[in-house]
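Spelled out from the first residue to the last, the chains are:
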Amino acid sequence: MNYSWNWSVLFQSTGVGDSTYLQWVLIGLGWLLVIALVAWSIAMVLGSILGIMRTLPSKTARTIGTAYVTLFRNVPLLIQLFIWFYVVPNFLPGPVKDWWMNDLSSNASALISASVGLGLFTAARVCEQVRTGIEALPRGQINAGYAMGFSTSQLYRYVILPQSFRTILPPLSSELTNCVKNTSVASLVGVAEIISQMKTISEYTQNTIEIYTFVTLIFIVINVCLILLMTLLEHRLRVPGLIAGGK
C-alpha cells in the first residue's frame, strides 16, 4: 500500500489566506453544534407535547400524536431533509418565499432546513420515550390523583411528568447522541458542517485515513461528554423505586 501518512495535516495551510485546515474543522464543528442544539430543542419541546398527547383521555389528541409518530418515524431522515430543503420552500407565502430564495445565503437556508428536519424527525422518537415513561408509572398513582380531585392538567403537572421525565433520562441520552450523530446527514443538503469540511479537506490533501480518524474521534469525544453529563443528571434526579432509581 503506497500511502503517505501525514497526521499533522490539519495544521497545514489551506492556501486561502492564513487559514489552516484545523480552522475549517472548527467552523464545521460550530455548525454541527448549532444544528444539534436547535434540532434537540425542537425535538424535546414537540416530542414532549406529542408524548403527552398520546397518553391523554382525548381520542383526538391520541390520534394526532400517533399519526405524527407513524409518519415521521417511517420516512428516512435523508428524504425528510430533502423535502424540507427542496420542496417546502416552494409552498411558502410569497414574501417569505422571496426572502428565503433571495435574501438568505445558501448555507443559512440549508442550516434552517436541516435543523428543522432533524428536529421533527427526532421529535417522533422523543415522543415515544415520553409516552413510555408516562405509561410505565403505576396506574394507582393516576387513580389516586383523580380521587384527590386533581384535574388532568394538574395530574400531569404535579404527579406524572416530574416522575416520567426522570425515568426516561437513560433513553433520552441515547436520543441526544443520535441527534448529534445524525447532523452528519446535513452535509447532503449543503450545510458546511464537520462532515462536509472533512470531505473537502480529504479531497484537497488526499489524507483520507487521517481526516476520517480525526472526525471519528471528534464525534466520540462529543458523545462521551454528553453521556457523562446525562448520567450525572440521571443520578441526581432518579426516583427510588422506579426505573434506574435504585433502592
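The model shown is predicted, which means the values in this text are computed figures rather than measured ones.

Parameters at a glance
- Residues numbered from 1 in each chain as written.
- Predicted model: local features only at pLDDT ≥ 70, side-chain atom pairs only at ≥ 80, totals over all residues.
- Heavy atoms only, no water.
- Axes fitted to C-alpha atoms, helices over the stretch in contact; angles between N-to-C directions.
- Helix = DSSP H or I, 4+ residues; strand = E, 2+ residues; numbered from the N terminus.
- Left-handed = near helix turned anticlockwise from the far one by under 90°.
- Contact = heavy atoms within 4.5 Å.
- Nonpolar A, V, L, I, M, F, W, Y, C, P; charged D, E, K, R; others polar.
- pLDDT = per-residue confidence, 0-100.
- UniProt positions renumbered as here; feature names shortened; annotations may be inferred.
- Expected span 1.5 Å × (residues − 1).
- Parallel < 35°, antiparallel > 145°, perpendicular 65-115°, else oblique.

So what exactly am I meant to see when it comes to the packing of helix α6 (residues 139-147) against helix α7 (residues 152-167) here?
For any two helices packed against each other, one specifies the crossing angle of their axes together with the interaxial distance. As a packed pair, α6 and α7 sit with axes 10 Å apart at the nearest point and diverge in direction by 145°. Along this stretch, α6 crosses α7, giving a crossing that reads as right-handed. Here Gln141, Ile142, Gly145 and Tyr146 of α6 come into contact with α7, specifically with Thr152, Leu155, Val159, Ile160 and Gln163. For the contact of α6 with α7, a count of residues per class yields 5 nonpolar, 4 polar and no charged.

What should I look at first to understand the confidence of the model for the protein chain in this one?
Segments scoring low in pLDDT should not have their predicted coordinates read at a detailed level. Of all residues in the protein chain, 96% have pLDDT values of 70 or greater, and the mean over the chain is 87. Per-residue pLDDT, averaged within each element of the protein chain, yields its smallest value for α6 (84) and its largest for helix α2 (residues 59-74) (94).

What exactly am I supposed to notice about the UniProt feature "domain: ABC transmembrane type-1" (unreviewed entry) in the protein chain here?
Residues annotated by UniProt as "domain: ABC transmembrane type-1" (unreviewed entry) correspond here to residues 29-230. As annotated, residues 29-230 comprises 82% helix and 0% strand, and the C-alpha atoms at either end are separated by 21 Å.

Sorry if this is basic, but what is going on with helix α8 (residues 169-182) here?
If you check α8, its first and last C-alpha atoms are 20 Å apart, about what 14 residues at 1.5 Å a residue would give, namely 20 Å. Where α8 is buried, its residues contact α1 (21-53), α5 (106-135), α7 and α10 (208-237).

Explanation requested: the packing of α7 against α8 in the structure shown.
Between α7 and α8, whose axes approach to 5 Å, the crossing angle comes to 60°. Judged on the interaxial angle alone, α8 and α7 are oblique. Note on element contacts: α8 touches α7 through Leu169, Pro170 and Pro171, opposite Phe165, Arg166 and Thr167. Partitioned by chemical class, the residues of the contact of α7 with α8 number 4 nonpolar, 1 polar and 1 charged.

Can you walk me through the UniProt feature "transmembrane region" (unreviewed entry) in the protein chain in this structure?
As recorded in UniProt, the feature "transmembrane region" (unreviewed entry) lies at residues 20-53, 65-88, 108-127 and 211-233. Here residues 108-127 is 100% helix and 0% strand, with 28 Å between the C-alpha atoms at its ends. Here residues 211-233 is 100% helix and 0% strand, with 34 Å between the C-alpha atoms at its ends.

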